[in-house]
Amino acid sequence: MWSFKKLQLPSFLSTNLALLVFIPLVLFSIIACTLIGQQSSSSFVPFSSVWKWKSIGIFNSYSLRSLSSYEEQHGASSSFTSPFNNNLFHENLVVEEESIPHQPPQKEGGEDIERDESNEGEEEIEKDISNEGGEHGDNETKEVLKMYRRLERLEAILAKSRSSIREAARNGSMISNHHDPDYVPQGPMYHNANSFHWSYLEMEKNFKVYVYEEGEPPIFHNGPCRSIYSTEGRFIHEMERGSLYRTKNPDEALVYFLPFSVVVMVQYLFVPGAHDMHALGRTVADYVKVISERHSFWNRSLGADHFMLSCHDWGPHLTSYVPHLFNTSIRVLCNANTSEGFNPLKDVSLPEINLKTGDIKGLIGGPSPSRRSILAFFAGGLHGNIRHHLLEQWKGKDEDMLVYEKLPNDKSYETMLKNSRFCLCPSGYEVASPRVVEAIYAECIPVLISDNYVPPFSDVLNWNAFSVTIGVKDIPNIKKILMSISQSQYLRMHRRVKQVQRHFVINDGSPKRFDLLNMIVHSIWLRRLNIRVQE
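How each quantity is defined
- Throughout this document, residue positions are counted from 1 along each chain, in the order its sequence is written.
- Residues qualify for local features only when their pLDDT is at least 70, as the model is predicted, and side-chain atom pairs are given and counted only at 80 or more; totals for whole chains, interfaces and linings, by contrast, use all residues.
- With hydrogens and water set aside, each side-chain value is computed from the structure's full complement of heavy atoms.
- Helix and strand assignments follow DSSP, with helices taken as H or I runs no shorter than four residues and strands as E runs no shorter than two, numbered in order from the N terminus.
- Buried means the residue's accessible area, taken with a 1.4 Å probe over protein chains only, is under 20% of the maximum for its type, while exposed means over 50%, and partly exposed covers the values in between.
- We call two residues contacting when some pair of their heavy atoms lies within 4.5 Å.
- Fitted lines through C-alpha atoms give the axes, limited to the stretch in contact for helices. The angle between two N-to-C directions lies from 0 to 180 degrees.
- In this scheme, roughly parallel covers angles under 35 degrees and roughly antiparallel covers those over 145, while 65 to 115 is roughly perpendicular and the rest are oblique.
- Here is the rule for handedness: rotate from the far helix to the near one, and if that takes an anticlockwise turn smaller than a right angle the crossing is left-handed, while a clockwise turn gives right-handed.
- For this classification, the nonpolar set comprises Ala, Val, Leu, Ile, Met, Phe, Trp, Tyr, Cys and Pro, the charged set comprises Asp, Glu, Lys and Arg, and every other residue, Gly included, is treated as polar.
- Disulfides are defined in this document as cysteine sulfur pairs within 2.5 Å.
- A pocket here means an open set of points on a 1 Å grid, computed over the protein atoms alone, that has protein on both sides within 12 Å along at least five of seven lines. A cavity is instead a set of points where a 1.4 Å probe fits but cannot get out; residues with an atom within 4 Å of a point line either one.
- Grid points are joined across faces, edges and corners, and a volume is the space filled by probe spheres set on the points.
- Strands are treated as partners if at least two bridges between them are detected by DSSP.
- By definition, the crossover connecting two strands over a helix is right-handed if that path, from the first strand to the second, turns clockwise as seen with the strands pointing away from the viewer.
- The arc under discussion is defined with respect to the helix axis, by the directions toward the C-beta atoms.

Caption draft 1: Spotlight on the overall build of the protein chain. A count of helices and strands for the protein chain gives 18 helices and 13 strands. Out of the 535 residues in the protein chain, the part that is buried amounts to 53%. Taking contacts inside the protein chain between residues at least 6 apart in sequence as the whole, the part at least 24 apart equals 73%.

Below you can see the structure in the form of structure tokens.
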């Protein structure tokens, strides 16, 4: 039998051995740090950032529902983590920093940063550094510390908002208890009406968006407002004219908008019949490179507090030309397909609306439920396998299920929507469809037929309360599923569709509170709340 005994060394020998191991290790560390410090990093994709940022997970980023049920199962925590947590995503979300030139001095007495609205703190820091660094001081270091100071103030504001929204979420009420002269959210259409309302009020009070001014129209700062891509154009237009929380001061912004239009980019740069999109992708990459070289904001978070917006099918693919734009930034996309990289923890599902005339006149409203004689309606071309399967199964097969590949000339599409109880909204080549919003406008219950699609505003809206979701495999059972919905349940769903309608309306003139454009901004606000840019 073998027996192991602890090896005993003389004390002087063990001391010398420790020095022989320790001294080379220290020297190696010093040399390595020196070499890293001399390394020149690219401003576009830095070798290491002096900043870091991480996901907060203050609430379920995919739905603003009550925290109480989750905390009962998992325990309360000072840093609430989403139950939809994607570990791989959160690993990518954490960016560690190397050393920084100086740590900003801490204020004595724990003074609350967010209450410091003046420049006194920045002036004190500048004075301290000037005294340490000589008469003139280190200008570069002072600028870094001023940036820290501004960033601390912004993050303190966000921390306060997170705390208050978390508290509101614990209420779990279907009716908001916050006063509002315009609208008070209530009902099961919301995951948590109270927390949504409070989050919206916090956004109105604190949110500021900076729009980069680099680039020239039409590819930048422009977009179509009369087409299936009208959501993209209207958002860019309203952001450009300053009606959506825009600030001209980048230092006070909480997010940064990259105002390029994929729709216009395709129009001007894509060669019909070409087999690749490299020209478009390189344009996006070059634009982000210019932004990162002229401003410090992209590099400090690697794009985590930046967002782009696109309603074109190619939008998600073009963002892949900039890895941090794809993996880290907030992407606001109509093509919200989780099988193609859409991540509801950080990306925003954008409603697709086909405004043929540029406005919604004649589209809103419809007859009462008792006057709707059509059980279900769809009209559309063979775009993709889902529609092919739908038309093959139901086209001309049932008088209650009016499914057309091409609507007859004697029928009006809008009239058919308004006379239907349920409106079928199958995905085409991509998951998004303008039929979802068209159904809501016509007060027709949307029937979502798709795979891997994240409906718009799912952070806030409980789609199960006012829509029907049918898997592709259940297309043969559509009529059976719809007929199983009782009259009383249908009437409840109809009332709820009318109530959530305000969140999908594009108003003429300026945006109005709780409308489509403000709801898009609110979804971006929620994503910004879920990260913290740190020193």
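Caption draft 2: Inspection of the packing of helix H8 (residues 262-269) against helix H9 (residues 278-294) at higher detail. Two elements in contact, H8 and H9, have axes separated by 10 Å at closest approach and are oriented at 130 degrees. Comparing their axes, H9 and H8 come out oblique. As for the relative orientation of H8 and H9, their crossing is right-handed in sense. For the pair H8 and H9, the contacting residues are Met265, Val266 and Leu269 in the first and Ala279, Leu280, Thr283 and Val284 in the second. A breakdown of the residues in the contact of H8 with H9 according to their chemical character gives 6 nonpolar, 1 polar and no charged.

Caption draft 3: Quick peek at the state of the cysteines. For the structure on display, the rule yields 2 disulfides. Across a sulfur-sulfur distance of 1.9 Å, Cys311 and Cys334 are joined as a disulfide pair. Across the disulfide from Cys311 to Cys334, rotation about the S-S bond amounts to roughly -80 degrees, and the bridge is consequently left-handed. Pair noted here: Cys311 is in the loop between strand S5 (306-310) and helix H11 (315-319) and Cys334 is in the loop between strand S6 (330-333) and strand S7 (348-349), with a separation of 23 residues, a long-range link. Across the pair, Cys334 and Cys311 agree in class, each one buried. Through a disulfide, Cys423 is tied to Cys444; the S-S separation comes to 2.2 Å. Disulfide Cys423 to Cys444: torsion about the S-S bond roughly 115 degrees, handedness right-handed. You can see Cys423 sitting in strand S10 (residues 420-426) and its partner Cys444 sitting in the loop between helix H15 (435-441) and strand S11 (445-449), a full 21 residues away along the chain. Cysteine pairing for the protein chain (bonded cysteines numbered in sequence order): 1-2, 3-4. Cys425 forms no disulfide, and the closest cysteine sulfur to it belongs to Cys423, at a distance of 6.5 Å.

Caption draft 4: Representation of empty space enclosed by the protein. On inspection of all chains with the given rule, the structure shows 5 cavities of 30 Å³ or more. By volume, the second largest cavity is sized at about 60 Å³. What lines the second largest cavity is a set of 13 residues, and nearest its centre among them are Ser349, Val454, Ser458, Asp459 and Arg527. Secondary-structure elements contributing two or more residues to the lining of the second largest cavity are S7 and helix H18 (516-529). The residue makeup of the lining of the second largest cavity, split by class, is 7 nonpolar, 3 polar and 3 charged.

Caption draft 5: Structural context of the sheet that holds strand S3 (residues 246-247). With respect to topology, 6 strands assemble into an open sheet ordered S3-S2-S4-S5-S6-S7, the strand pairing being parallel. Every other strand in the sheet has two partners, leaving S3 and S7 as the edge strands with one partner each. Pairing analysis gives 4 bridges linking S5 to S6, with the strands arranged parallel. Paired with Met308 across the strands is Arg331, a residue of S6. Those strands touched by H18 are strand S4 (255-257), S5, S6 and S7, and its axis lies near 155 degrees from that of S6.

Caption draft 6: Inspection of helix H7 (residues 230-240) at higher detail. Burial runs high along H7: 9 of the 11 residues are buried. For H7, every residue scored as buried is listed here: Ser230, Thr231, Glu232, Gly233, Arg234, Phe235, Ile236, Glu238 and Met239. Tucked inside the fold, the buried residues of H7 contact strand S2 (209-211), S3, S4, H8, S5 and H18. Positive phi appears at Gly242, one or two residues downstream of H7, with a value of about 85 degrees.

Caption draft 7: Region of the structure containing the sheet that holds S11. Pairing is parallel in the open sheet, where 5 strands are placed in the order S9-S8-S10-S11-S12. Across the chains shown, the open sheet's two edge strands, defined by having one partner strand only, are strand S9 (401-404) and strand S12 (468-470). Strand-to-strand, the axes of this sheet are offset by a mean angle of 20 degrees, without reference to chain direction. The pairing of strand S8 (residues 374-379) with S9 spans 4 bridges and is parallel. Within S9, the position partnered with Phe378 by the bridge is Val403.

Caption draft 8: Region of interest: the pairing of S9. Side chains Met401 and Val403 of S9 all project onto a buried face; the interleaved residues Leu402 and Tyr404 project onto the opposite face, where all are buried too. In the classification by handedness, the crossover that spans S8, the intervening helix H13 (residues 385-394) and the parallel S9 is right-handed.

Caption draft 9: Structural view of H13. Of the positions making up H13, those classed as buried are Ile386, Arg387, Leu390, Leu391 and Trp394. Taken end-on, H13 shows its buried residues confined to a sector of 125 degrees, consistent with a single buried face. Those residues of H13 that are exposed and aimed more than 90 degrees away from the buried face are Asn385 and Glu392. Of the residues trailing H13, Gly396 is marked for its positive phi of about 65 degrees.

Caption draft 10: Structural view of the packing of H7 against H18. One can describe the packing of H7 onto H18 by two numbers: an axis separation of 11 Å at closest approach and a directional angle of 80 degrees. One way to sum up the angle between H7 and H18 is to call them roughly perpendicular. For the pair formed by H7 and H18, the contact residues are Thr231, Arg234, Phe235 and Glu238 on the first element and Leu516, Leu517, Ile520, Val521 and Ile524 on the second. For the contact of H7 with H18, the residue count by class is 6 nonpolar, 1 polar and 2 charged.

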